[in-house]
Amino acid sequence: MTEPILQVEHLTKRFGGVTAVEDVSFEVFPGEIVAVIGPNGAGKTTLFNMITCFTPPTEGRVKLSGENITNKKIFELAPLGMMRTFQNLEVFGSMTAIENLMTGISVQLKNRVFAAGFRLKSAREEEQYAYEKAMELIELTGLQGLEHTLVEQMSYGQQKKVEFAQTIISNPRLVLLDEPMAGLNEVETEAMADTILQMRDRGMTFLFVEHKMATIMRIADRIVVLDFGKKIAEGTPAEIQKNEDVIRAYIGGDLDDVKSS
Amino acid sequence: MDLFMQYLITGLTIGSVYALLAVGFVTIYNVTGVLNLAQGEFAMLGALISVTFVQAGLSIYISIPLAIVCTALIGFLVERLAINPVKGAKPGILIVITLGVSIFLKGVALLIWGTAPKSLPPLFENKPVQILGAVVNTQSLWIFLILAIHLVALYWFFDKTFLGSALRASERNAHAATLMGINVKNMSAIAFSIAAALGALAGAMIAPLTDATYDMGFFIGIKGFVAMVFGGMHSIQGAVAGGLLLGMIEAFSGGYVSTYYTDAIAFGFLLFVLFIRPQGLFTKAEGTHV
Amino acid sequence: MKNASKVLYPGRWKGLVIFIVLIALLPIVVTTQYVFTLLILLGIYSIITIGLSLLIGYAGQISIGHAAFYGIGAYMSAVLTTKFNMSAWLAIILGMMTTFLIAYFVGVRVLKLKGHILALATIAINIIVYTILNGWTEMTGGALGLGGIPKLNFLGIDLGNQVNFYYFVWIIVTLVIIFSGNLIRSNVGRILRSIHDSETGIEALGIQVSKYKVLIFAISATYASLAGSLYAHYIQFISPSTFNVPFSILLLVMVMVGGVHSIWGAMIGTVAITFLNEGIRYISHNYLHVSGEVEIIVYGFVIVVMMIFMPNGIVSLFDRFQKRNKEHESDSGLDLKPVDVKGGA
């Protein structure tokens, strides 16, 4: 068996007396698409924030390809090949789509101030490289025609695409998506799911939090279920659908409700 | 020892002037979120308006309160005309607006009073007295006493009166304050008036010690700001302590090091504080409100 | 594949060409010595305000202390040439390097602060530098100032000559504009602009934001240092009062009034405020017979009115005009963040 790309070991987070996440462990292997689900308030976002170093865990640790990344700074993760998106979109509204994507590739560039100011060859080459990469992603995510539109003037679905493209443009090994389909309509959701599958075929690994069950069942290889901060189940979509703990957590028929939403 | 006492009393006197300005800063900042860099101009106005009333033949004991009322009115107008129209603007814009107000008031003062320094007659008979071996002007002592009384009164005002609590409530939670029937909009204007009055008092108190000029305001104001930062931006007590501390630093560094470098030492200490304890010296670490 | 910068930022050179033609032709129209001096000072101030627009408009960090770096540059030049007989050019470069290092190391600490507190910290830096310039009499001559600073000479061209110096200063301004424009149009520029929209977003993309804030702070300080050196060699006499907080405030006001989101805005503001001040001073001294710096009353008033009614500065008028001419633009017209790159420098 291959080495896991992400190891979550006994992550626990307490806020004062409240335990938001309790002793959660799981692994993600290269090339997998893993979903984290659970009712509202189950601790998914807190878990996500701990994995991506936005919140320090009370206990436990996170390893990326065997390296402990628990106390790293946020900006130290991208160079290691780990990227994330946000539930409430962190795009750059006053910049155009293509500029957003080009910014996404910063981690691969040297960004030398003096080279840029004097427009040395190295800076011009970087610029050209970033531009070509960005155009590629524009096409891939179906943003053609919008490359010179300010992101703040785009629809929510288009902004989500920009954020996604900006996140994957630097070819990260592991991508964490925080509710990538939230707020998208049926067509957009399907398109997003397809792009994720397509990028997986190019070698990316995905861990994502989502509510739309139908999509999760379609694209996820494995699902981790949280309830009241604890992991209550883990398995393939088929296993999870039959799991009694999961059904109980969603209070009986609720799983079907969520499924159809 | 006698020198030490002298520096101490000088420090406390000038420090309480800074404290008054700092309380003005805190009041405006916490109610409106605006850092009023024109605060020092209120001190300048307080001093110069007092001078004008005295020259018109009024007693100094009437002149100063009148000047304070006039300055409070100016503070009110400043809020209505310059601050209120830009509610919620970015800090950069607000900083520049208050700087503009400061420059404007300075210009008005220049037109009215000219460039020549003006002095205010001593508030009380000025004779040197001995305290613990130090020779101290009664003038300084009186000023310190008056300022101390006002600071206590302010503390009482913010803690015990309805208007004081209303001001604090509008700071904490404007929405809740509105629900309680407090008009947050008016609070902003009231905060400016109070801060202007405090500035005017501070100005009138130092005018007898140093001469008053149209351009005295800005740096005094900045010192009030420093005192406020020492105190952690949000607390009246902190601002008072910060003001006294700044006064002492100035008095002692002027006395023992060199008057040339007083400002460098005071502002160097400020940077030091900002680097190691940006939340202020006299506060417990707590959630920030910025 | 098309050339990236042509597609992304077209029409960049148009403004620059107009600018260069204007600068080249002005001496033909201007004959008064007084106006000439003003034009040279405008060039010197523009170097600083362009740097400030990078810092404030792009990196989003305020400074009310750049007069300090202006002063460090001026005094490095003055002291090294008059007391150590150093070559003026070497002194200018040493001054810029020293300022860069000082600003960098101070910046690492100071730029952790935000908003009002950052403003205060930069005021503190200014006051400290001013106090040192005033107090270190053996080196700086103290409050009496330092005179006898030599005029510049470039490959045999006498820059003591007004016209020569005018062209010299404005060539440097042009270079500064090009350097800054390149920077804004590079990925570094995009990183800086992204800080405005989402600091979290750009950090998640693997960029240490603080590093870029500090670098831009140091670069803008270096610009100020260069300007200070030019000032010292032009006026040939400097004293500390030039480098105190009021000048920092003036610089900040120029940038804000002109429009902080564009390099041209900074320059427009510099021109507007300088001519406003000089104009009022001229009228009040010669026609109204009032003495002193009475211009500040109008100047203060204009600042307040401008910030209330035109918070994006004079340059936003041009943006609005441009927008009207473009059909494909949306009809909102309420775009409050016109980061001017396409039409700018």
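Residues numbered from 1 in each chain as written. Chains lettered and ligands numbered in written order. Predicted model: local features only at pLDDT ≥ 70, side-chain atom pairs only at ≥ 80, totals over all residues. Heavy atoms only, no water.

S.K.: Just checking my understanding: could you explain the interface of chain C and chain B for this structure?
M.R.: The accessible area lost on association of the parts is a frequent measure of interface size. If you look at the interface, chain C gives 40 residues, while chain B gives 43 residues. Buried surface at the junction of chain C and chain B, both sides included, amounts to about 3,700 Å², of which 86% is carbon and sulfur. Seen at the junction of chain C and chain B, the total is zero salt bridges. Here chain C and chain B share two residue pairs in polar contact (both at pLDDT 80 or more) between them. (Contact = heavy atoms within 4.5 Å. Buried area = accessible area lost by both parts, 1.4 Å probe. Salt bridge = Lys/Arg side-chain N within 4 Å of Asp/Glu carboxyl O. Polar contact = N/O pair within 3.5 Å; in protein donor to acceptor, adjacent residues only side chain to side chain.)

S.K.: Explain the domain arrangement of chain A to me, please; I cannot follow it from the model alone.
M.R.: All names here are of chain A. The domain boundaries assigned to chain A delineate domain 1 (1-81 + 172-261) and domain 2 (91-170). Between the C-alpha centres of domain 1 and domain 2 the distance comes to 27 Å. Counting from both sides, the interface comprises 19 residues of domain 1 and, opposite them, ten residues of domain 2. Overall, the association of domain 1 and domain 2 removes approximately 1,100 Å² of surface from exposure, summing both partners, and the carbon and sulfur fraction of that is 75%. (Domains from an automatic or database assignment.)

S.K.: What is the right way to read the UniProt feature "transmembrane region" (unreviewed entry) in chain B from this model?
M.R.: Residues and elements named next belong to chain B. Under the feature "transmembrane region" (unreviewed entry), the UniProt entry names residues 6-27, 60-81, 93-116, 136-158, 189-210, 216-246 and 258-276. Summarising residues 60-81: 100% helix, 0% strand, and an end-to-end C-alpha distance of 31 Å. Spanning residues 93-116, this segment combines 88% helix with 0% strand, and its end C-alpha atoms are found 33 Å apart. (UniProt positions renumbered as here; feature names shortened; annotations may be inferred. Helix = DSSP H or I, 4+ residues; strand = E, 2+ residues; numbered from the N terminus.)

S.K.: Whenever I open this one, the packing of helix α11 (residues 262-276) of chain B against helix α6 (residues 115-135) of chain C confuses me. Can you help?
M.R.: Relative placement of two packed helices is described by the angle separating their axes and the distance separating the axes. The geometry of α11 of chain B relative to α6 of chain C is characterised by a closest axis approach of 9 Å and an angle of 145° between their N-to-C directions. Where α11 of chain B crosses over α6 of chain C, the two elements pack in a sense that is left-handed. Contacts from D263, A264, F267, G268, L270, L271 and L274 of chain B in α11 of chain B reach I117, L120, A121, A124, I125, I127, I128 and T131 of chain C in α6 of chain C. Within the contact of α11 of chain B with α6 of chain C, the residues separate by chemical class into twelve nonpolar, two polar and one charged. (Axes fitted to C-alpha atoms, helices over the stretch in contact; angles between N-to-C directions. Left-handed = near helix turned anticlockwise from the far one by under 90°. Nonpolar A, V, L, I, M, F, W, Y, C, P; charged D, E, K, R; others polar.)

S.K.: What should I look at first to understand the interface of chain A and chain C in this one?
M.R.: With 41 residues of chain A at the contact, the number on the chain C side is 39 residues. When the area that chain A buries against chain C is broken down by residue, the three leading residues are F75, V113 and E127 of chain A, summing to 18%. Taken together, the connections running from chain A to chain C amount to two salt bridges. Ionic pairing is found between R190 of chain C and E127 of chain A, a salt bridge with its closest N-O pair at 3.1 Å. Across the chain A-chain C interface, the total number found is eight residue pairs in polar contact (both at pLDDT 80 or more).

S.K.: Explain the side chain of S248 of chain C to me, please; I cannot follow it from the model alone.
M.R.: Residues and elements named next belong to chain C. Note on placement: S248 falls in helix α12 (residues 245-258). Looking at S248, the relative accessible area reads 2%, which means it is buried. Ignoring anything within four residues of it in the chain, the contact list for S248 reads I64, G65, H66, A67 and N126. (Buried < 20%, exposed > 50% of the residue type's maximum accessible area, 1.4 Å probe, protein only.)

S.K.: What exactly am I supposed to notice about the sheet that holds strand β7 (residues 174-178) of chain A here?
M.R.: All names here are of chain A. The mixed open sheet is built from six strands, whose spatial order is β6-β7-β8-β3-β9-β10. A single partner strand is all that each edge strand has here, and the edge strands are β6 (82-84) and β10 (230-235). The average angle at which neighbouring strand axes cross in this sheet is 15°, direction not considered. In terms of strand pairing, strand β3 (residues 33-37) meets strand β9 (residues 222-227) through four bridges, oriented parallel. Bridging across to β9, I37 finds its partner in V225. (Pairing = 2+ DSSP bridges.)

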